[in-house]
Structure formats: C-alpha cells, structure tokens
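# Observations on the model geometry
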Amino acid sequence: MKNPILGLLSASLLLPTAASAALLSQEGFSGYTPGQLSATTSPTVAGYTGNWIGVDFGNVKPAVAAGSLSYGGANYAAGLGNKVTVPFNNTGGEITANNSGRVQRLFDSSLAVTDATAGTLYLSFLFQSGQETGATTYQTLGLYQGGFTDPARNFDIGLTNNNGQTGTQCNFGTDNAYTSTGVAADTNVHLLVVKFNLSATAASDSVTVWVDPVLGAGEPTGGTTVTGKDLTWDRLTFSDYDGNSCAWDEIRWGTDFNSVTVQNVLPAVPTFTSQPSGYTGNVQDTVTLTALAESNPTPTFQWEKSANGTTGWAQVSGATDATLVFSPAAFSDNGYYRLVADNGNPPAATSNVVQVSLVYPPPSIVTQPAPTAAQVGSNVTLSVAANGLGDLTYQWYKGVNPVGGVTTNNTLTLNNVQLGDSGDYSVKVTDHFAETESPPQTATVATSNTATVSVFAAWSGLVSQEPFDIAVGYVVGDLPGQTPSITGYTGAWTDIDFGDAEPAVSTGSLTYSNPSYLGSSGDKAAVATNITGGEITAANSGRVYRKLDAPLVVGDTTTGVRYLSLLYQSGQETGVTVYQMLELKNAAHTDFNRSFDIGLSNNGGMIGSEYDFSAEGTYSSTGIAADTNVHLLVVKFDLSADADSDNVTVWVDPTLGAGEPAGGTTISGKNLNWDRMALSDYDGNSAAWDEIRWGSSFDSVTVSSTPANTYASWIAGYPGVGSKTAFNDDADADGIKNGLENFFGTNPAVSNTGITQISKSGNTVTFQHPQNTTPGSDVSGAYVWSTDLATFNADGATAGGTTVSFGKSTVAGTTTVTATMTGTVPAKLFVALKATQTAP
C-alpha cells in the first residue's frame, strides 16, 4: 500500500514532465552474443544493471537470435540489433520443463518504480507469437518487484490464460488482475505501447495499453485502461510457458508517447554498440574484424592500423566498411587495429584497439605413416600425406638417426628389408613458405607419429600352431585374460562384447579322422550350449580376440600366399546357427572392422545352415551343409599390394596328401588387412575351435610330414563316400570296388571307366587303366585271365594248352598292359585286374 505522506515528502523522485520529453532507454539487443540471455555477460544498456539471469525451472529460456523484429506500421522508428526469442518446443501444449522459461534483468534507479514514484512513464516493445499450438498459455513481458514469483508480478503484458483470460487475445495484468485488449492473437509482429500514470497516493496508479496504435500524431485516444492500482517494480522479465515460440524486441522507455514510438532513437554522434575482437591464428586464415557504431546522420567508417597499438596510426587503404576482412591473411597483416566512425558531428568515435597476431603454421599431417610388418627380402614403403602453405620437404628417421637425405618425395622405400631394418620410423615435414617472406622467416616443421616396421623371417612350412593346450600355459576356463606364449600371437585374449558365454578352454582336442591330417594335440576352445530359444541375447553370445604378432599381421602392402587351417565343430542344438565364426579383424573389434570370417553365419544373405565365409563383408557359401561333425577348414590368402587384388579360397574337408587340391570356393578382388583374430558365437548352439595353423603351403597346415600310406588313410581323404568305406564297397556304384579305385588312384566317390583302350592283334591283347603311383602299402594288384569266365588263371599260367603272360608300362599315371598268348590261341580271352588288401 502506498503511503500518501511519503509521496509528499519525495518530490525529488518525480519523473520528468512532458516538457522535457525524452527517450530514457532503448534495448535493441545489439552487442549481444547469440545464445541464452542468461549465459553470457550482458552489455551496458541505459536503465538496467547486472546481467540477465534465468529465474525459473524451464530449460528453454529466452535467447538472443540474429535479426531484429520488423514492424510494418507507419511512422514507427525502427531499431537495430537482434531480438530475443524462445524456440518452438511443443510437447502437447502443457507447461513442462521442456517448453517453459523465464529470464530477468534488474533496473537501475532511472527505471525502477517505488511507492513514492510519481509522473508519467511510457513503455513500448515489439512482440510476436508463433502460435504453433493454437491458444497460448503464457507469453509476456513482465515488471516484478523484489522477486520473480507470481506474487511479485506487478504488471505483465502479452498473451496469458491467467485470471479468466483464454490466451487468444492480447491482454495485460496489473497486480495479477487481467484485462483483455480485444485484439486477437496471431503470428504477426505487434507494437505494444503502455502508459503508466504513477502517483505517490495509494490506489491511484493507472495503466493504458494500446496494440498497434496509430503513430505520428502524438498520443492517440482510446486504448484499454485500468485504474486504482499500486504499481512498483525493480526488474523486467521475459516469460514463455507454452510450446509456442515467441519473440520480443525494441524495448523502449520514455516520458511521452512519441519518445517510445516515432522519435529518432539514434544518437547525434556516433556511438559504438559493438566492439571488435582481436584475432590470433595462422597466416592464410580468414581474419574478420567487425564493429558497429550508430548515429543520425549515419556515420562513415575507416579502419586504422598501428605497429604498437598506441602511436603511428595509419588508414588501411580501402577499409571503409564496419567489417574488415583479410582472406587469406598475410604475415604483413600483423598489427593493431581500430575503427573510426564519423558523421560530421564532433567528436568522431573510435573503437577499442584490438590485435591481429598471425604466425606461420606448421604443415598439417593428414595421413600418418602406418605400421608395417614385412617378410625378409620384401620391399617396404612408408608414406605420409601433409598439407602446407608452400613447398614441402621430408626427412625420414629411424629412431633419432636420419634415413637418407632431405627429399621432396613423401615416401620412404626400404628395399630387400632384413631383420636389422626393424624399428620405429618417423618423418619431419618442413614447410618453406615462411622463407619467402621479406625478410625471410623461419620455416615451420611438423613431425609425424612413429610407425613401427617389423621384419620377420620368410614364411617356410608351418609358421604358427594354436592347439589351446593346457601343457603350454592355458588353463581350463574362460579365454579372456589368458596369455600363453604362442608363436604369432601377442597380449592376452580379451572379451570384446556383451555376452557372458564367451569361448573358454575345455579339455580334449577336436579330432579329425583323415589319417593324412597333421594331427591334434592339447585341448580346444569352446562355447557350451546355452539354449534360450535360439535368439541372440547376453546369455548366449560371446566374442574374444587376441592380437597377432608381426608375421601374422596383414597390411595393405603385404604380399604373397598364406594358408590358414582350423578344426571346427558346431553343436547344432537349435538347428539353424546364427553366427559361429573365426574372424580376422583390423584395428578394432566391431563388425565394421571384420576383414575375414569363416564358419556358420546368417550375415550377407547366408542362412546359417551351410559353411560360409566372408571377405570385406562379401559372403559366400561353400555348399557344405552344417552338421555336428568335426570339419577341417582350410583357407588360402593370395595377397597383393595392389588395390582390390587380394583373393581368398576356402576348402571344407579337402583331399589331403597330394598337395593343394583344385576347386574350393573363391572370393576375389578384395583389400584384406588384419591385426587380430577373434572367436565368436552368437547363438544358443555350442561351438568349438582347435588346431589353428598358419603356414606357407597347403600341406604345411594340413598334412603330416610322414603321413600313413594305407588303404584306410586313403579312403578317409574322401568324405564323399559316406559310410561305404570298406575295401570291397563300391561307393560310387560304377562297378569298381573301393580297393581297386585305390590301385587306380581314382576318386571312389566319383564314377569312372577303369579299363579302357582294349584291342587285339594276332596273339596279343592290349588295354589301359589309371595307375596310382603310391597305392596303399597294404594294397596289391594282379592281372588274371580266363577263356570261359568260370576259371581265372594267374599271370604266366597254362590252361587247355594256352599260356598267357602280362607285361605293362606306366607313363604319366596311365598303365598300358599287354597280354601275350602262346600255344593254343583260344576263341575268346577274358582279362581282369584283381586288387587285394593285406591284413594288418
């Protein structure tokens, strides 16, 4: 309640009369940094003190945005600068922390109103509502006293649904009693003008509000008025408590109507509303210095430069805009700068002095030299890619010692590398552009990261064997954390995924039935069955990896042929397997870094029911159906330093003992590189891996150096015969028994003709058949003859006056047999080849 006696005693607090009408304050939001009002230091503005601060619970507080609101009404004195906005953030129209905000700034004594304040005060501002959600809840400019809560609100104006308002018309409140102006809410920019008649007498203040009034003829009649109020305030607020966006601009306080609407708001002499900022950076950057001064008449601008920032100021030629740009900036642009604004009314205004400090930047290394593993005798190329302002030169180092001399070539080639060439290599890149300055400046230098070159002995035979053997340091249990010393591997096995069923070491090696196979030793890595319906969950999935040592790492420059073999078994408890693979990855363990994998997968169009593999994400099926047997998987990597030239061939259960077999499944035209191996199982099925071998040839990773040469070892190399493995079985139903196929050296699972090229001439009969140069040690063959198919006689035997003797010669795997008859030449002669097996 205002005290009437206090009012009489406070004549010194009366506002200026109309005779001294003036614009008291103009807030056009120039000189602000775009962003939340409460986030940065606020510029000095007449009538205000302190900074804008956030005062409520919302997280969408009003913020400065570029560009001033534009009002289309006639005679309005447009302002400059920016505006304050709240972005649209609709969450159904309700008031929540996501779509509400409020900020405040305190007045100084010139704009604060107390119980003793008397006189007339005018306020105007531009306002715009986004109206995205229809009816607006609360978007106002408010005047508060002593705090920011609703009880402290003395006056607010805009759009509200308080106190019976619907938020669909512009309204205002005094002492939280609200009155509508009758002007409907829309998305246009509106000019709101408020007249405060203030009295020191209690309940004697009145307020009149105009929305988009007629301008240019002084204070208009009409408006909406409320009387009998007690108004006090010490701060101004912006509030938005709805999903609609809104904006405020050009908040002006004055002592009459025209001062806040039509009178020129620019000063008579130039006044800087924003100051330039200095710049520290590099030669050839784009440097922008900008400032803003306002006045009426409009000022002209001239940038000046000084070497020391205090004396010797000289005009910058052609720099007559408020913004000065150096693009690209030169070393000679270093110095101190200021902007002079002059409109003919003395004095001219001078901005703050700022410094431009530019140095020659070091060259930028955009591609670092890559670590490389190379075989003795091969060539290694290290390269770096760098950008600079001028000509670049390169000096390579091994450790701290220069390698060769300075060159303009960004590559280092090491020919015919030997073990002693292993080490850490780096390169210093020098940019000589600074040396072209007058006077010359010091060239700039950048040093690359270190790239390790690892040279290893040429691959020969079996290079690495991983048997998961407890005898070499493994223990039964999860693989992660185990670090046995295995040639070709380094570091510990590491868990890299979310599952809790990662591969583990379990006792007993996988065994493969082919007697020619190199054999199993030790134990195995396996994932136990964990059926939860077959889906991939944390309970039935896992992956572990181990990094590879230099001889097994493959980079872009790796060349030659490498072989990998492994034993693999899937439990197939849920039928179709989702993902059970051995993987080769590069630099990381994500799917994106997978260079090669082999096993059972449903990736890349595979269905998980056939053995498949991938190279760089291209999958191919081998056509071999998944089952629960132990299988031998053999991979040939044909590696090239040329792009898109690596090839991969895969065999499942290949024929062993005769070198690299024909056939297999091949993917070509890839870029393979890897530095780690992983074992993965992402399904309820169990899986096991064993005997992971790397070597220089097919036989080195598959065949024993002293393989057994028996019928049993031979037939085991033909899994296509199924269960028909007996000596006298005919697996391919071609009339030639398995034992005879061994003697011939033909495939017992594929039909063939056996004896061919039969002919008779006089007393001789000749024929041919294929010949195994190394038939089973327990297999022998003998030629027999007959004249009646009832009784067969041995080679050289005589029967019925006829003697038949056999002679043979073998050339390139084909034997030609000659049967010579002496004595009585029979009308018919039958010859046969009989194979027998020696009992063990």
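Residues numbered from 1 in each chain as written. Predicted model: local features only at pLDDT ≥ 70, side-chain atom pairs only at ≥ 80, totals over all residues. Heavy atoms only, no water.

### Quick notes on the overall build of the protein chain
Per the secondary structure count, the protein chain includes three helices and 60 strands. Radius of gyration (C-alpha) of the protein chain: 47 Å, far over the 28 Å computed for a compact globule of 840 residues. Oriented by its inertia axes, the alpha-carbon framework of the protein chain measures out at about 160 × 75 × 50 Å. Looking at the protein chain as a whole, 47% of its 840 residues are labelled buried. Sequence-distant contacts in the protein chain: of pairs separated by 6 or more residues, those separated by 24 or more amount to 67%. Per element, the accessible surface of the protein chain, about 35,100 Å² overall, is 51% carbon and sulfur. (Helix = DSSP H or I, 4+ residues; strand = E, 2+ residues; numbered from the N terminus. Rg over C-alpha atoms; globule rule 2.2 N^0.38 Å. Buried < 20%, exposed > 50% of the residue type's maximum accessible area, 1.4 Å probe, protein only. Contact = heavy atoms within 4.5 Å. Areas by Shrake-Rupley, 256 points an atom, 1.4 Å probe, with all protein chains shown as cover.)

### Some remarks on the nonpolar core
Grouped together as the largest cluster of nonpolar side chains are 47 residues, with contacts concentrated most on L582, F637, L679, I692 and W694. Within the second largest apolar cluster, 41 residues are counted, among which are F29, V86, V103 and C246. (Core = buried A, V, L, I, M, F, W, Y, C linked by side-chain atoms within 4.5 Å.)

### Comments concerning the pattern of salt bridges
Oppositely charged side chains are able to pair whenever their charged atoms sit close together. Counting across every chain of the model gives 13 salt bridges. Note that D150 is salt-bridged to R153, the shortest N-O span being 3.1 Å. Relative accessible area serves as the criterion here: at 41%, D150 is assigned to the partly exposed category. For R543, the salt bridge goes to E583, with nearest N and O atoms at 3.1 Å. (Salt bridge = Lys/Arg side-chain N within 4 Å of Asp/Glu carboxyl O.)

### Structural notes on the sheet that holds strand 57 (residues 798–799)
The strand order across the open sheet formed by five strands is 53-54-59-58-57, and the pairing between neighbours is antiparallel. Strands with a single pairing partner mark the edges of an open sheet, and in this sheet they are strand 53 (756–761) and strand 57. One ladder, built from seven bridges, connects strand 54 (residues 764–770) with strand 59 (residues 814–823); its direction is antiparallel. Across the sheet, F767 pairs through a bridge with V817, a residue of strand 59. (Pairing = 2+ DSSP bridges.)

### Things to note about the confidence of the model for the protein chain
Considering every residue of the protein chain, the mean pLDDT works out to 89; 94% of them sit at 70 or more. With pLDDT under 50 throughout, residues 3–20 is counted as low confidence; its partners more than four residues away or in other chains account for 19 contacts. (pLDDT = per-residue confidence, 0-100.)

### Some remarks on the packing of aromatic side chains
Counted according to the given criterion, the structure contains 35 aromatic pairs. When the ring of F127 is compared with that of W248, the centres are 6.4 Å apart and the planes differ by 45°; the resulting orientation is tilted. Of this pair, F127 sits in strand 7 (residues 119–129) while W248 sits in strand 16 (residues 246–254), placing them 121 residues apart in sequence. The pair formed by F127 and W248 is uniform in burial state, with each residue classed as buried. Ring centres of F468 and W493 lie 6.2 Å apart, and the angle between their planes is 40°; on these two criteria the pair is classed as tilted. Within this pair, whereas F468 is found in the loop between strand 37 (462–466) and strand 38 (477–478), its partner W493 is found in strand 39 (residues 489–495), the two being separated by 25 residues in sequence. Each of the two residues, F468 as well as W493, counts as buried. Here the aromatic residues Y48, F107, F155, F172, F196, W233 and W253 are joined through ring pairs into a cluster of three or more. (Phe/Tyr/Trp six-rings, centres within 6.5 Å; stacked < 30°, edge-to-face > 60°.)

### Some details on the sheet that holds strand 56 (residues 793–794)
An order of 56-55-60 is seen for the three strands of this open sheet, with the pairing classed as antiparallel. Pairing within the sheet leaves two strands with one partner each, and these edge strands are strand 56 and strand 60 (830–837).

### A closer look at unusual backbone geometry
The omega torsion of the bond from S327 to P328 falls at -5°, within 30 degrees of zero and hence cis. On the secondary structure map, P328 appears in the loop between strand 23 (323–326) and strand 24 (335–342). P439 follows S438 through a cis peptide bond whose omega is 0°. Its location among the elements puts P439 in the loop between strand 34 (423–431) and strand 35 (444–447). Even without being a glycine, N176 presents a positive backbone phi close to 65°. Checked against the element boundaries, N176 lands in the loop between strand 10 (169–174) and strand 11 (177–184).

### So, the side chain of N514
In this fold, N514 is placed in the loop between strand 40 (504–506) and strand 41 (524–527). Judged by its relative accessible area of 3%, N514 falls in the buried class. Of note is the side chain of N514, whose polar atom sits 2.9 Å from the backbone nitrogen of S516. With residues near it in sequence (within four places) discarded, N514 still touches L656, S713, A716 and G717. (Polar contact = N/O pair within 3.5 Å; in protein donor to acceptor, adjacent residues only side chain to side chain.)

### As for the side chain of D675
Structurally, D675 can be placed in the loop between strand 50 (665–670) and strand 51 (676–682). Every residue in contact with D675, bar those within four places of it in the chain, is listed here: K547, L548, V553, K585, N586 and A587.

### Examining the state of the cysteines
Across all of its chains, the model carries zero disulfides by this definition. C246 provides the cysteine sulfur closest to C170, a residue in no disulfide bond, and the two sulfurs are 13 Å apart. Judged by relative accessible area, which is 8%, C170 ranks as buried. (Disulfide = S-S within 2.5 Å.)

### Here's the deal with the environment of G781
Position of G781 relative to the elements: it lies in strand 55 (residues 779–786). Taking C-alpha positions, G781 is 11 Å from Q771, a pair spaced ten residues apart along the chain. The residues contacting G781, other than those within four sequence positions of it, are F743, L833, K834 and A835.

### Comments concerning the environment of V817
Structurally, V817 can be placed in strand 59. The sequence separation of V817 and T137 amounts to 680 residues, and the corresponding C-alpha distance is 108 Å. In contact with V817, not counting residues within four places along its chain, are V765, T766, F767, H769, Y783, F806, G807 and K808.

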